[in-house]
Amino acid sequence: MKILLSNDDGYQAPGIVALFDALKTLGEVEVVAPEHNNSAKSNALTLHSPLYVNRAANGFRYVNGTPADCVHIALTGLLGYKPDLVVSGINNGANMGDDTIYSGTVGAAMEGYLFGIPAVAFSQTEKGWKHLDAAAAKARELVQHLIASLPPSGTAHADPWLLNVNMPCVPAQDMRGFKVARLGRRHAAEPVIAQTSPRGETMYWIGGAGAAKDDAEGTDFHATAQGYATITPLHVDLTDHQRLPYWAQTAAALSRKP
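Positions within a chain are numbered from 1, following the residues in the order the chain's sequence is written. Reporting of local features is limited, given that this is a predicted model, to residues whose pLDDT is at least 70; pairs of side-chain atoms are given and counted only at 80 or more, and all residues count toward the totals for whole chains, interfaces and linings. By convention in this description, side-chain values take in all heavy atoms of the structure and omit both hydrogens and water.

Trainee: Even after reading the chapter, I still don't get the packing of helix 1 (residues 14-23) against helix 5 (residues 132-149), so can you show me in this structure?
Mentor: Each pair of packed helices can be described by the angle between their axes along with the distance between the axes. Angles run from 0 to 180 degrees between N-to-C directions of axes, and those axes are lines fitted to C-alpha atoms, restricted for helices to the stretch in contact. Helix and strand assignments follow DSSP, with helices taken as H or I runs no shorter than four residues and strands as E runs no shorter than two, numbered in order from the N terminus. Where helix 1 meets helix 5, the axes come as close as 9 Å, and the angle between the chain directions of the two elements is 45 degrees. Comparing their axes, helix 5 and helix 1 come out oblique. Crossing hand, helix 1 versus helix 5: right-handed. Across from Pro-14, Gly-15, Ala-18, Leu-19, Ala-22 and Leu-23 in helix 1, the residues of helix 5 making contact are Leu-132, Ala-136, Ala-139, Arg-140 and Val-143. In the contact of helix 1 with helix 5, the residues fall into nine nonpolar, one polar and one charged. Throughout this description, any angle smaller than 35 degrees is read as roughly parallel, any larger than 145 degrees as roughly antiparallel, any in the 65 to 115 degree range as roughly perpendicular, and the remainder as oblique. A clockwise turn of the near helix away from the far one marks a right-handed crossing, whereas an anticlockwise turn of less than a right angle marks a left-handed crossing. Throughout, a contact is declared for two residues whenever any of their heavy atoms are within 4.5 Å. When residue character is reported, Ala, Val, Leu, Ile, Met, Phe, Trp, Tyr, Cys and Pro are called nonpolar, Asp, Glu, Lys and Arg charged, and the others, Gly included, polar.

Trainee: How do you make sense of the side chain of Asn-7 when you look at a structure like this?
Mentor: Here Asn-7 lies in the loop between strand 1 (2-6) and helix 1. A 3.5 Å cut-off defines polar contacts: any pair of N or O atoms within that distance qualifies, except that in protein one atom must be a possible hydrogen donor and the other a possible acceptor, and neighbouring residues in sequence count only when both atoms are side-chain atoms. Within the structure, Asn-7 has its side chain in polar contact with the backbone oxygen of Gly-10 (distance 2.9 Å). Aside from chain neighbours lying at most four places away, what touches Asn-7 is Ala-13, Ile-16, Ala-33, Pro-34, Pro-67, Ser-88 and Gly-89.

Trainee: Mind showing me how you'd approach the pattern of salt bridges here?
Mentor: Opposite charge on two side chains permits them to pair, given that their charged atoms come into close proximity. For salt bridges, the criterion is a side-chain nitrogen of Lys or Arg within 4 Å of an Asp or Glu carboxyl oxygen. Considering all chains together, one arrives at seven salt bridges under this definition. With a shortest N-O distance of 2.8 Å, Arg-243 and Asp-240 are connected by a salt bridge.

Trainee: It is not clear to me how unusual backbone geometry should be interpreted in this structure. Could you clarify?
Mentor: With the exception of glycine, most residues fall at negative phi, and the peptide bonds are largely trans. Cis geometry marks the peptide bond from Gly-89 to Ile-90; its omega dihedral reads -5 degrees. As for its position among the elements, Ile-90 is in strand 5 (residues 85-91). Of note in this structure, Ala-40 is not a glycine but carries a positive phi near 65 degrees. Position of Ala-40 among the secondary structure elements: in the loop between strand 2 (28-34) and strand 3 (53-55). Backbone geometry places His-131, a non-glycine residue, at a positive phi of 55 degrees. With respect to the helices, strands and loops of the structure, His-131 is situated in the loop between strand 6 (119-124) and helix 5.

Trainee: Honestly, the nonpolar core in this entry has me stumped. Any pointers?
Mentor: A general feature of soluble globular proteins is that nonpolar side chains tend to end up buried together. If you look at the biggest cluster of nonpolar residues, it comprises 39 residues, and the most contacted ones within it are Leu-5, Leu-19, Val-87, Ile-90, Phe-122 and Val-143. Elements with a minimum of two residues in this core: strand 1, helix 1, strand 2, strand 5, strand 6, helix 5, strand 7 (162-167) and strand 13 (229-234). The dominant element in this core, judged by the number of residues it contributes, is helix 5, at nine residues. Residues enter a nonpolar core if they are buried and are Ala, Val, Leu, Ile, Met, Phe, Trp, Tyr or Cys, with the set joined through side-chain atoms within 4.5 Å. Residue exposure (1.4 Å probe, protein chains only): buried if accessible area is under 20% of the type maximum, exposed if over 50%, otherwise partly exposed.

Trainee: Mind showing me how you'd approach helix 4 (residues 104-114) here?
Mentor: Owing to its 3.6 residues per turn, the α-helix aligns residues three or four sequence positions apart on the same side. Most of helix 4 is tucked away: 10 of the 11 residues are buried. Every buried residue of helix 4 is accounted for by Gly-104, Thr-105, Val-106, Gly-107, Ala-108, Ala-109, Met-110, Glu-111, Gly-112 and Tyr-113. If you check the start of helix 4, you find a side-chain oxygen 3.1 Å away from the backbone N of Thr-105, and it comes from Ser-103. Of the residues flanking the end of helix 4, it is Gly-116, one or two places downstream, whose phi is positive at about 85 degrees.

Trainee: Help me understand the sheet that holds strand 6, please; the structure alone is not making it clear to me.
Mentor: Within a beta sheet, neighbouring strands are joined by backbone hydrogen bonds and run either parallel or antiparallel to one another. Two strands qualify as a pair provided that DSSP identifies no fewer than 2 bridges between them. Here nine strands make up an open sheet; going across it, the order is 3-4-2-1-5-6-7-13-8 and the pairing mixed. Because the sheet does not close on itself, it has two edges, and the strands there are strand 3 and strand 8 (178-180). Averaged over all pairs of adjacent strands, the angle between their axes in this sheet comes to 25 degrees, without regard to strand direction. Here strand 1 runs beside strand 2; their pairing, made up of four bridges, is parallel. Looking at strand 2, one finds that Ile-3 is bridged to Val-29. Sitting on the sheet, helix 1 touches strand 1, strand 2, strand 5 and strand 6, and the angle it makes with strand 5 is about 135 degrees.

Trainee: Please explain the pairing of strand 10 (residues 193-196) as it appears in this structure.
Mentor: Residues in a regular strand project their side chains so that they alternate between the two faces of the sheet. Judged from the four bridges that link them, strand 10 and strand 11 (residues 202-205) form a sheet pairing that is antiparallel. The residue bridging Ala-194 from the neighbouring strand is Tyr-204, located in strand 11. Linking two consecutive strands that pair antiparallel, namely strand 10 and strand 11, is a turn of five residues; a positive phi of about 85 degrees is found at Gly-200 within it.

Trainee: Would you mind showing me how to read the environment of Ile-16 here?
Mentor: With respect to the helices and strands, the residue Ile-16 is situated in helix 1. Linking Ile-16 and Leu-85, residues 69 residues apart in sequence, is a C-alpha distance of 16 Å. Sequence-distant contacts of Ile-16, that is, excluding residues within four places in its chain, are made with Leu-5, Ser-6, Asn-7, Gly-10, Tyr-11, Val-31, Ala-33, Phe-60, Gly-89 and Ile-90.

Trainee: Explain the packing of aromatic side chains here, please?
Mentor: Both the distance between ring centres and the angle between the ring planes are used here to describe each pair of aromatic rings. Only rings of Phe, Tyr and Trp enter the pairing, Trp through its six-membered ring, and a pair is recorded when the two centres are within 6.5 Å. The plane angle decides the type: under 30 degrees is stacked, over 60 is edge-to-face, the rest tilted. Tallying each qualifying case throughout the model produces three aromatic pairs. Residues Tyr-11 and Tyr-62 carry aromatic rings whose centres are separated by 4.2 Å and whose planes lie at 10 degrees to one another, so their mutual orientation is stacked. With Tyr-11 in the loop between strand 1 and helix 1 and Tyr-62 in strand 4 (residues 61-63), the pair connects residues that are 51 residues apart, well separated along the chain. Tyr-62 matches Tyr-11 in its accessibility class, with the two residues each being buried. When the centroid spacing of 4.8 Å and the interplanar angle of 85 degrees are considered together, the rings of Tyr-246 and Trp-247 count as edge-to-face. A positively charged side chain is recorded as over a ring if its NZ (Lys) or CZ (Arg) lies within 6 Å of the ring centre. The angle to the ring normal must also be within 35 degrees. Over the aromatic face of Tyr-81 sits the side chain of Lys-2, whose NZ or CZ is 5.1 Å from the ring centroid. For the cation-ring pair, Lys-179 lies above Tyr-228, with the distance from its terminal atom to the ring centre recorded as 4.2 Å.

Here is the structure:
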């Protein structure tokens, strides 16, 4: 079993080191991760500057680019083979609700999914790597189960999936297992922070994420608060299918000749 591992916190982050250690006995695990923290880079690819790949002392390869760059480069030439599974994480903080739109952790997994490879993104619900050992063990438990459902190595996967997994920062004995959950929603982000630079120019820092707006039962916010690790299947089709008929009428009206 061949596993490609990436993240958005950088190749030296405790989360990816812990995840590698947890998965390395399940198959051949190759790490290709960003050189530096690339949180909130989503699916961004670097198109107007060169990318370089280097190998660290521990064998991890790192790229001066985004999480999606790392997976894209790995799958389109660096590895020389198609992995059976793409895994991203463990992220330093939650990727729930609207976070998934911006998440570099999810972006790395999604890049694998877009190439037709099953993929999973792992995150802890709080920053600081608290009880990381428990999260890594839980991630291994899920990956081991997922591997059993994959076709033999080297076989094309006809129906790839993309999973977003968030794990509460609790000791192993307090984690209540897995629960499937839908994405919740957040309020609007906190206000932008304006400061004055040493040169007298106004500079801005993006504000923090807003509080949960929809954290009802059935959401990832609710389940993780109850001590569960959540599994949320994602897909990439952003089409608003329900409103297609309405906009079809608009297009028809605009297309009529006077």
